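# Structure assessment
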Amino acid sequence: MKAGTGADIQHAIRVLKAGGLVAIPTETVYGLAANAFDPEAVIKIFEAKKRPFFNPLIVHAASLEQISTFAGPISPVLRQLADTFWPGPLTILLPRKEAIHPLVTADSPMVAVRIPAHPLTLQLLQQLPFPLAAPSANLFGTISPTTAEHVQQQFGEALGYILDGGQAAVGVESTIIKEENGKINILRPGGITQEQLAAVLGYVPERTVKVQDQPEAPGMLKSHYAPKIPLVMGDISDLLEKHHDKRIAVLGFSRKYAHDAIIVQYQLSASGDVHEAAKNVFSALHTLEDSGAEIILGEWVPSEGIGVAINDRLERASA
Ligand code: TXA
Ligand code: MG
């Protein structure tokens, strides 16, 4: 059975109020949402995703005022960043209050929160009497969804409703930050770049969690975003020679490659624009993993701006 899909906010509200799951569009990727104040609804998220309980969820809210009911206090610098980038792809860690069950934060005293920028989801959040816990709407460890179709393919039956808000505009997940000893650190690179944060902070925030480290953001586990067939990153011309006996899919940044073994190729941005590449990267991986190819050969994008987040996802998709 397929879950209903559409833009009916009132229906989404009914499902959520009844403790069900609704896929929601955000500007980054689609989320798999439940009432963040209802632990029984939250458990359904972990079950549907097959996600380990040690991996905490981001709580999505309509306003700073609503956030103050379940998280905080918020320091002046975090407040400044929130005022600058919300609604938008920035997630901040704040002290958890009683209203949020420890299940949501995997027992951490900190809860990850953000106000997303998608108009449909903002309207939904404004009309709900509770915030929404929502991880990305994909099975644990697989490629993140940037369209309602991606969600439907993985979760047809488990969901009460899929709120269809079109293709995600940013395309990679939010940047997660934490304040430590008065300094802002980046736990996961994402839609808000290091440069954007630096422009507000007056210093360049450090990235403190790296792939394979003991995960402070457990979503930083190394084998994440894995396609069904191997993804090998590097110099595509060299890789083509090495893998010429296979049916090859190419994930290129801006140029095209010619080789008899290539059965399909995807350019993330023909004009070399990293924002366009971010918007396309998960869709490209979804398309290529189902293309009939045996292997995907990919190349890094320029490691600047949002390109850092793209390369992070590609690194973990190829782990
Ligand atoms: O853009 C996004 O952030 C999307 C959309 C749906 O908002 N959400 C998303 O959720 O990417 P998810 O669950 O796929 O990744 C959330 C990350 C995980 O790495 C998780 O470990 C981390 O956030 N996280 C959540 N709560 C945390 C907490 N209390 N402390 C540290 N890390 C946390
Ligand atoms: Mg995810």
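Presented here is a report on the structure given in the accompanying data block. (Residues numbered from 1 in each chain as written. Chains lettered and ligands numbered in written order. Predicted model: local features only at pLDDT ≥ 70, side-chain atom pairs only at ≥ 80, totals over all residues. Heavy atoms only, no water.)

This next bit is on the sheet that holds strand E3 (residues 31-35). Judged by pairing direction, the sheet is mixed, and its 11 strands sit side by side in the order E1-E8-E2-E3-E7-E4-E6-E5-E9-E10-E11 without closing on themselves. Where the open sheet ends on each side, the last strands, each with one partner, are strand E1 (4-6) and strand E11 (206-207). Taken together, the three bridges between strand E2 (residues 22-24) and E3 define a ladder with antiparallel strand orientation. Counterpart to Val 22 in the pairing with E3 is Ala 33. Most of the contacts of helix H4 (residues 76-85) go to strand E5 (residues 90-95), to which it runs at about 150°, and overall it touches E5, strand E9 (175-180) and strand E10 (183-188). (Pairing = 2+ DSSP bridges. Helix = DSSP H or I, 4+ residues; strand = E, 2+ residues; numbered from the N terminus. Contact = heavy atoms within 4.5 Å. Axes fitted to C-alpha atoms, helices over the stretch in contact; angles between N-to-C directions.)

Before going further, it helps to spend a moment on the pairing of E3. Counting buried positions over the five residues of E3 gives five, a clear majority of the element. Hairpin remark: E2 followed by E3, antiparallel, with six residues in the connecting loop. Note: E3 against strand E7 (residues 132-133), two bridges, orientation antiparallel. In the strand pairing of E7, Asn 35 is matched with Leu 132. (Buried < 20%, exposed > 50% of the residue type's maximum accessible area, 1.4 Å probe, protein only.)

Turning to the packing of helix H1 (residues 9-17) against helix H6 (residues 119-127), a few remarks are in order. The contact between H1 and H6 brings their axes to 10 Å, and the two run at 50°. Put simply, H1 runs oblique to H6. In this structure, H1 crosses over H6, and the sense of that crossing is right-handed. Counting all contacts with H1, which are made through Ile 9, Gln 10, Ala 12, Ile 13 and Leu 16, the residues of H6 involved are Leu 120, Gln 123, Leu 124 and Gln 127. A breakdown of the residues in the contact of H1 with H6 according to their chemical character gives six nonpolar, three polar and no charged. (Parallel < 35°, antiparallel > 145°, perpendicular 65-115°, else oblique. Left-handed = near helix turned anticlockwise from the far one by under 90°. Nonpolar A, V, L, I, M, F, W, Y, C, P; charged D, E, K, R; others polar.)

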